Amino acid sequence: GDLDKVVNLLLSLSGRLARVETALGSLGPHAPAEDKLALREKRRLLVAQLEDAKELKEHVGRREEVVGAMVARYLPAEHLQDYQHFVKMKSALIAEQRELEEKIKLGQEQLRCLRESL
């Protein structure tokens, strides 16, 4: 459960940071200074939060190793391999699910814009 939450947090923060950086990059030279300052501050906060989330992920990883060692004492080798595979794949599948959800959201937004332009 903690792994799910941390991976989702990392993906969310990364996505938000990417959007802020895109917004910063798209600001023209005549953009109000307040807008630039607000976006830079938001970027600074997101970078700090992302670093904190990475530390959380490392902590969860260390806890996962401890739990894995305890599980290894009680499971036969074939079940242990299944467990290890499950843990490895869970993060990857969460990231893939999030990416697909973002693509769906983007597609829906593009579809809405196309309908409005017609």
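The model shown is predicted, which means the values in this text are computed figures rather than measured ones. (Residues numbered from 1 in each chain as written. Predicted model: local features only at pLDDT ≥ 70, side-chain atom pairs only at ≥ 80, totals over all residues. Heavy atoms only, no water.)

**Q** Would you take a moment to explain the overall build of the chain for this structure?
**A** Within the chain, the secondary structure is distributed over 3 helices and 0 strands. Scanning the chain from its N terminus toward the C terminus, one meets helices and strands in the order α-α-α. The principal-axis extents of the C-alpha atoms in the chain amount to approximately 65 × 35 × 15 Å. Looking at the chain residue by residue over its 118 residues, the buried ones come to 16%. By sequence separation, contacts in the chain at least 24 residues apart represent 65% of the contacts at least 6 residues apart. Here the chain displays about 9100 Å² of accessible surface, and carbon together with sulfur accounts for 58% of that area. (Helix = DSSP H or I, 4+ residues; strand = E, 2+ residues; numbered from the N terminus. Buried < 20%, exposed > 50% of the residue type's maximum accessible area, 1.4 Å probe, protein only. Contact = heavy atoms within 4.5 Å. Areas by Shrake-Rupley, 256 points an atom, 1.4 Å probe, with all protein chains shown as cover.)

**Q** Is there a simple way to explain the domain arrangement of the chain in this structure?
**A** Buried accessible area, meaning the area lost when the parts come together, often serves as the stated size of an interface. With domains assigned, the chain is organised as domain 1 (1–73) and domain 2 (76–117). For domain 1 and domain 2, the distance between their C-alpha centroids amounts to 18 Å. Contacts between domain 1 and domain 2 engage 12 residues on the former and 9 residues on the latter. Between domain 1 and domain 2, roughly 900 Å² of surface is buried when both sides are summed, and carbon and sulfur atoms account for 65% of that area. For domain 1, the biggest contributors to the area lost against domain 2 are Leu 3, Asp 4 and Leu 11; these three give 37% of the whole. Applying the counting rule to domain 1 against domain 2 returns 0 salt bridges. Along the contact surface separating domain 1 from domain 2 lie 0 residue pairs in polar contact (both at pLDDT 80 or more). A per-element tally of the side of domain 1 that touches domain 2 places helix 1 (residues 2–26) first, with 7 residues. (Domains from an automatic or database assignment. Buried area = accessible area lost by both parts, 1.4 Å probe. Salt bridge = Lys/Arg side-chain N within 4 Å of Asp/Glu carboxyl O. Polar contact = N/O pair within 3.5 Å; in protein donor to acceptor, adjacent residues only side chain to side chain.)

**Q** Even after reading the chapter, I still don't get the nonpolar core, so can you show me in this structure?
**A** One recurring pattern in soluble globular proteins: nonpolar side chains tend to sit buried together. If you look at the biggest cluster of nonpolar residues, it comprises 13 residues, and the most contacted ones within it are Leu 10, Leu 13, Leu 46 and Leu 50. Among the elements of the structure, helix 1 and helix 2 (33–74) are those that each provide at least two residues to this core. With 7 residues, helix 1 is the single largest residue contributor to this core. Apart from residues no more than four positions distant in its own chain, Leu 13 is found in contact with Leu 46, Gln 49, Leu 50 and Ala 53. (Core = buried A, V, L, I, M, F, W, Y, C linked by side-chain atoms within 4.5 Å.)

**Q** Honestly, the environment of Asp 2 in this entry has me stumped. Any pointers?
**A** Looking at the secondary structure, you find Asp 2 in helix 1. Using a relative accessible area of 34% as the deciding quantity, one classes Asp 2 as partly exposed. Only 2.3 Å separates the side chain of Asp 2 from the side chain of Arg 63, close enough to count as a polar contact.

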